[in-house]
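Coordinate analysis (summary)
Here is what each chain is made of, one letter per residue.
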Amino acid sequence: AQTVTQSQPEMSVQEAETVTLSCTYDTSESDYYLFWYKQPPSRQMILVIRQEAYKQQNATENRFSVNFQKAAKSFSLKISDSQLGDAAMYFCAYPGRSGGGADGLTFGKGTHLIIQP
Amino acid sequence: EADIYQTPRYLVIGTGKKITLECSQTMGHDKMYWYQQDPGMELHLIHYSYGVNSTEKGDLSSESTVSRIRTEHFPLTLESARPSHTSQYLCASSEGPAQETQYFGPGTRLLVL
């Protein structure tokens, strides 16, 4: 069974600074994907970044990058040059269900990111 | 933003009423999902579908039911709403395998009095 853990319920960062959101997961699979989703207040959940476990290189999307440590089962998200529009709930997710089965996503509990102007 | 829509966006209803939350997508995706997001923001899969006439229950037990008569449409029904059903309901779709990105609708915030 898959589990996803986000240990930071809330993080605060000054605008233009860098912040790292933590995520750990547990799986018995060797090949899988991991996701970070962003849910702005009252807006749709959108994909921020995706990592393929078999790839050594960490994924990067503009100001967003991940630090993927497969052996440690760690998947943190780094946001550089934080902007006010980055304020949102961030969810780490694993494709698969906590009760078994490959469909759907198992989400962490989320990290509420606050950007201080 | 993705082409996936949910109506209504907000709903306040009394206990015992029957409600249907609508979800539609114009991307032609076979897979669709319903997630329940509790007030603490945790998300749990309650239903999913592989395609037309396919529906399955997710990890979180739910008294709701779903149907998939058309590819683009995946409504969720509560036969008798209760205060414990108060939550946000998110619909999502994806193109294919589990590793594919899921696209989410804007959600329906349900309050049952």
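See above for the structure.
Residues numbered from 1 in each chain as written. Chains lettered and ligands numbered in written order. Predicted model: local features only at pLDDT ≥ 70, side-chain atom pairs only at ≥ 80, totals over all residues. Heavy atoms only, no water.

In this section: the side chain of His85(B). By secondary structure assignment, the location of His85(B) is in the loop between strand E8 (76-78) and strand E9 (87-94). The exposure class assigned to His85(B) is buried, which follows from its relative accessible area of 7%. (Helix = DSSP H or I, 4+ residues; strand = E, 2+ residues; numbered from the N terminus. Buried < 20%, exposed > 50% of the residue type's maximum accessible area, 1.4 Å probe, protein only.)

It is common to give the size of an interface as the accessible area lost on bringing the parts into contact. The interface of chain A with chain B comprises 22 residues on the first partner and 26 residues on the second. Across the interface of chain A and chain B, roughly 2,100 Å² is buried in total on both sides, 50% from carbon and sulfur atoms. Where chain A touches chain B, the interface holds one salt bridge. Counting residues per element, the ones that place at least two in the side of chain A that touches chain B are strand E5 (33-39), strand E6 (46-52), strand E10 (88-95) and strand E11 (105-107) of chain A. Examining the composition of the side of chain A that touches chain B, we find that four residues originate from one element, E5(A), more than from any other. Classifying every residue of the side of chain A that touches chain B by side-chain character gives 11 nonpolar, six polar and five charged. (Contact = heavy atoms within 4.5 Å. Buried area = accessible area lost by both parts, 1.4 Å probe. Salt bridge = Lys/Arg side-chain N within 4 Å of Asp/Glu carboxyl O. Nonpolar A, V, L, I, M, F, W, Y, C, P; charged D, E, K, R; others polar.)

Aromatic rings considered in pairs are described by the distance between their centres and by the relative angle of their planes. Under the criterion given, the structure shown has 14 aromatic pairs over all chains. Look at Phe68(A) and Phe75(A): their rings are 6.3 Å apart centre to centre, the planes differ by 85 degrees, and that puts the pair in the edge-to-face class. Just as Phe68(A) is buried, Phe75(A) falls in that class too. Ring pairs connect the aromatic residues Phe35(A), Tyr37(A), Phe91(A), Phe107(A), Tyr33(B), Tyr35(B) and Phe104(B), which therefore count as one cluster. (Phe/Tyr/Trp six-rings, centres within 6.5 Å; stacked < 30°, edge-to-face > 60°.)

As far as function goes, none of this settles anything; it's purely spatial.
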